[in-house]
Each structure stands twice: as C-alpha cells, then as structure tokens.
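Chain by chain, the residues run as shown.
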Amino acid sequence: MISFNMKDKFIIEGLGNKRTLSGKIRVNGAKNAVLPVMASSVLFKDGFRIKNVPFIEDLNRLDEIFKGLKIEMNKESEGEYFIDTKKIESKEIDEEASKRMRASIIFSGPVLARFGELVFPHPGGCVIGARPIDLFLEGFEKMGATIDHHDEKYFLKTENGKLKGANIFFKIPSVTATETFIMAGVLAEGKTILKNVAMEPEIGSLIEWLNTCGAKIKGIGTPTLEIEGGGLLEAKDKVYETIPDRLETGSFLILGALCASDLEITHCNPNHLEIVIEALKDSGVDLEVGKDYIKVNNKNLKNYKAFNIKTHEYPGFPTDLQSPMTVFLTQAQGESFIFETIFEGRLNYISDLVKMGANIKMWDSHRVTVKGPTQIKGRELEGPDIRTGFAFVIAALVAEKESTISNVYYIDRGYEKIEKRLSNIGAEIKRKKE
Ligand code: UD1
C-alpha cells in the first residue's frame, strides 16, 4: 500500500550550531490516536470515516491486520480513510504485523470481546526494553477468558462467547492496556471498572469517539474508568477527526529551539504538551503559545539553561520526547540529570551521542547526566526506534559536518515525509534509497 524501504538512509548536512531554519511546519494527526481508533472499528456493526490520518509506515501494519480480520480500509482522499467492518469475521491477529508493531496488541481487546475467541502472537515493535504483556493476560483472565500458550501464540477463549465485566487494577498505567480494556469493556457483559489507567490525550480522544457512537464510558481524564457493556456500536455518518500529534509537536519544538531562527509549529494542541513547553520556557527558549500554534523565536541568540527530566505517564514528561530533549540538553549550559522511568532500553542511544562529542555519563540503564554545551560532530548513526530516530535527525542538524542516518524505517513509522517537511524550512536532508 505505502512503499517504504527498510534500507533508506538520510544524509543530513549539519548546521554547526547555527540557528538558521525558518518558516512554518504543520503537525500531523497523532499516530498513537489513529491506532486505537482504527482498532475500535472491530466494535462497530457498520464502519466509519477517519480524518487527519498521517501517511506513515504503521498504516501498512494496520492494513495487514485489517485484511486478516476481513475489515476493509479504503483511502478516500489525502489523510482520509473509510473503515468498513460489515464483513469482519476472523479472530486472529496477523503475525507479521504483530511482530513489527507492538501496538497491534490493541486489537486483542475488541476482537476477544466481539468473537469470544482470540489468537495472537507475542507482539514486537520498537526495541525499547522488555515490553511485557502480563497486564493484558491478567486482565483477560479477570474478564473470564482462558489462555493457552503454544507455538509462540496465545489462544484465548471465553465461556459463552462473551467477556464478563470485571474490576481491573493496573499495576502500571499502560497506555495500550488501558485502550485495550476500554474496548473490551464496551462489548463485555455488565460493568468493567479500570483503575490506575493511563490518561494520555489519545485515550481521552478514543473514549470520546466511542461514547459518540453509543458506548457508555465514564471517568474520562481520570485514573478510574467505568464502562457499561452493551451491544455493537454504530457510527452512522459520524467521522473521527484525529487529534494533533503531541509527540511530533514536541519534536518540532526542540528542533526549532536548537536549529531555527524562527519556527511556527501549526495545527497542534499546546494543551497536550504543557510540561515540555514549561521546561523549554524555563530554560530560556522564547516561545509564543497560541490556541493551535507555537512560535519559537530565536532572533536574540542566547544560551539555554540546563534542567532535569524524569519521564512519567501523562501529564508528566513523555518518555517519547526523552531522547530529543537529551539532544537539547547537550546544547544547554550546565548539568542535567535524565531519569527514564518507563522503559529500560530508552537510553541505549546515548553512546552514539557520546561518539558525536556529547559529554554524557551513564549511571545505569535508566539514568544519565549531561554536561553542556558541547559542539557535536556529524557521523554515521542508526535509528533504533521512532523517537530516537528523530532525535538523531535533530543531533545531525545541530552537529558540524555531515551525518548519515540508516534505519530510516523507524522514522518513517512515526513522521510522515519528514525530509520534505524539514527541507521546506531550510534543512539540508536527503533520502538515499538503497
Ligand atoms: C505507548 C505509546 C508509546 C509510549 C508509551 C509510554 C502507543 C501506540 N504507543 O506504548 O509511544 O512510549 O505508551 O507512554 O500509544 N507494561 C508492563 N506490562 C504490560 C504492558 C506494559 O509491564 O502488559 C509496562 C511497559 O514495559 C512499560 C510501561 O508498562 O514499562 C508503560 O508501557 P505502555 O504504556 O504499555 O506502552 P505502550 O502502550 O506500548
């Protein structure tokens, strides 16, 4: 459907610490909102239109999962798809897609709730730590499912073809698990109470969408959700409009602060990014925050001050912006302490920044200290996950001389046509096809 090459590379000419990029950059719809809403189609008797969908690699994975479930995804125009669930029939989640995209596990909730049976492989995705699925298995058991595990697949069954409402407390407020059990609860028998849920804006947006189409979910934006189970949902002619990607917004903000003289980030929702905006402002970045835009103004060049980051569930500092922000802190004056609390593999890229010349001391797999500012130098890099891939793009732009980033596949998973959008604001970035 969309053609992305695993072997593509970016060649980036560094700005050598000059802040010369300029113009406007538009934020796309949130990848992490599209995935659960598309998965929610399994709960529908008809189908629905979804707008403002970014043209990213993960759409291929969704298409594979949809094909396996006999759901049709038709592109109607740029960023607009119609998901037709009238012929849905399978209970198995595509193996290849699951291996490449962890979030495919979101389908487990609605598929099990709808068919009373489910087969899925252990999910893969970005290499950012162990990423277990215990919360999913424990939750489904509480809702009355039995689980069998063999041939590297999980086989789940319910008694009368129905999940039962349950009281589930999440030991960890997982985003995907919260979304999965919201959807499971919508078709379960009776009431489901979810406690210690994640509160990311994408979850709120999913709940609003489901409620618009007949679901009964209370507690939006709070740590406890109450779901009254019922029948299949119906969209009729309702359309889901994807919320702006807060992680893309944050990535562009950091890029702007380090590399632009002036940058206007448009079509975003600054309310979803308060902690990042506050941190950058405190550090000395001149930001003008509007209702749906943020302007970075770097006309009066000055040094930024170092600060500490501790990643946390929303509304705390997003783990996805930890690596781009660490690049920022290599350019800030003073010492910063970075504590990655969510994933243990999300600091693996530090050795690459050190090889570029950054002064970073790694204490353990969760904690580093950065001393800045240091002039970093271009080199060969390999994107290990979506956000770090983009952090490397920022580092390459800040650096002196040229960098090559391989494994661009990961960047394509989260950022639509990024080389084109960055070229439009003055970056020298080219895609080299192998
Ligand atoms: C989602 C986001 C991802 C973001 C992450 C944390 C999507 C598609 N992806 O990923 O961009 O980085 O939230 O904000 O929305 N955990 C368990 N057991 C489980 C499930 C999770 O221990 O069964 C742990 C994880 O290892 C991790 C923590 O819970 O330490 C949070 O992970 P989770 O919120 O589930 O991340 P994802 O939903 O995969």
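In this text, all values refer to a predicted model and were calculated from it rather than measured experimentally. (Residues numbered from 1 in each chain as written. Predicted model: local features only at pLDDT ≥ 70, side-chain atom pairs only at ≥ 80, totals over all residues. Heavy atoms only, no water.)

J.: Would you explain unusual backbone geometry in this entry?
T.: Leaving glycine out, the prevailing phi sign among residues is negative, and the prevailing peptide bond configuration is trans. The omega angle of the peptide bond from Y314 to P315 is 10°, so this bond is cis rather than trans. Here P315 lies in the loop between β17 (309–310) and α10 (322–330). A cis amide bond links G372 with the next residue in sequence, P373, at an omega value of -5°. Following the sequence through the fold, P373 ends up in the loop between β20 (367–372) and β21 (380–382). You will see that D151, though not glycine, has its phi angle at about 50°, which is positive. (Helix = DSSP H or I, 4+ residues; strand = E, 2+ residues; numbered from the N terminus.)

J.: Help me out: how do you make sense of the pattern of salt bridges in this one?
T.: If you walk through the whole model with that rule in mind, you get 32 salt bridges. A salt bridge links E76 to R49, with the nearest nitrogen and oxygen atoms 2.5 Å apart. Of this pair, E76 sits in strand β4 (residues 72–77) while R49 sits in strand β3 (residues 47–51), placing them 27 residues apart in sequence. For the salt bridge of E92 with K153, the shortest nitrogen-to-oxygen distance reads 3.0 Å. Taken together, the residues span a long stretch of sequence, with E92 in the loop between β5 (80–84) and α3 (95–100) and K153 in strand β8 (residues 153–157) at a distance of 61 residues. By relative accessible area, K153 is classed as buried at 17%. In this structure, a network of salt bridges that share partners links the residues D8, D412, E419, R431 and K433. (Salt bridge = Lys/Arg side-chain N within 4 Å of Asp/Glu carboxyl O. Buried < 20%, exposed > 50% of the residue type's maximum accessible area, 1.4 Å probe, protein only.)

J.: Is there a simple way to explain the domain arrangement of the protein chain in this structure?
T.: A common way to report how large an interface is uses the accessible area buried once the components associate. Here the protein chain is described as being made up of domain 1 (9–28 + 244–432) and domain 2 (31–241). For domain 1 versus domain 2, the distance between C-alpha centres works out to 31 Å. Across the contact, 23 residues belong to domain 1 and 23 residues belong to domain 2. In total, domain 1 and domain 2 occlude about 2100 Å² of area from one another, counting both sides; carbon and sulfur atoms represent 53% of this. Contact with domain 2 buries area across many residues of domain 1, yet Y314, Y409 and R413 alone supply 29% of it, more than any other trio. Between domain 1 and domain 2 we count 2 salt bridges in total. D58 is paired through a salt bridge with R413; the nearest N and O atoms lie 2.7 Å apart. The tally of links between domain 1 and domain 2 comes to 8 residue pairs in polar contact (both at pLDDT 80 or more). Among the secondary structure elements, those contributing two or more residues to the side of domain 1 that touches domain 2 are α8 (246–259), α12 (386–398) and α13 (408–414). When residues in the side of domain 1 that touches domain 2 are grouped by element, the largest group, 5 residues, is from α13. (Domains from an automatic or database assignment. Contact = heavy atoms within 4.5 Å. Buried area = accessible area lost by both parts, 1.4 Å probe. Polar contact = N/O pair within 3.5 Å; in protein donor to acceptor, adjacent residues only side chain to side chain.)

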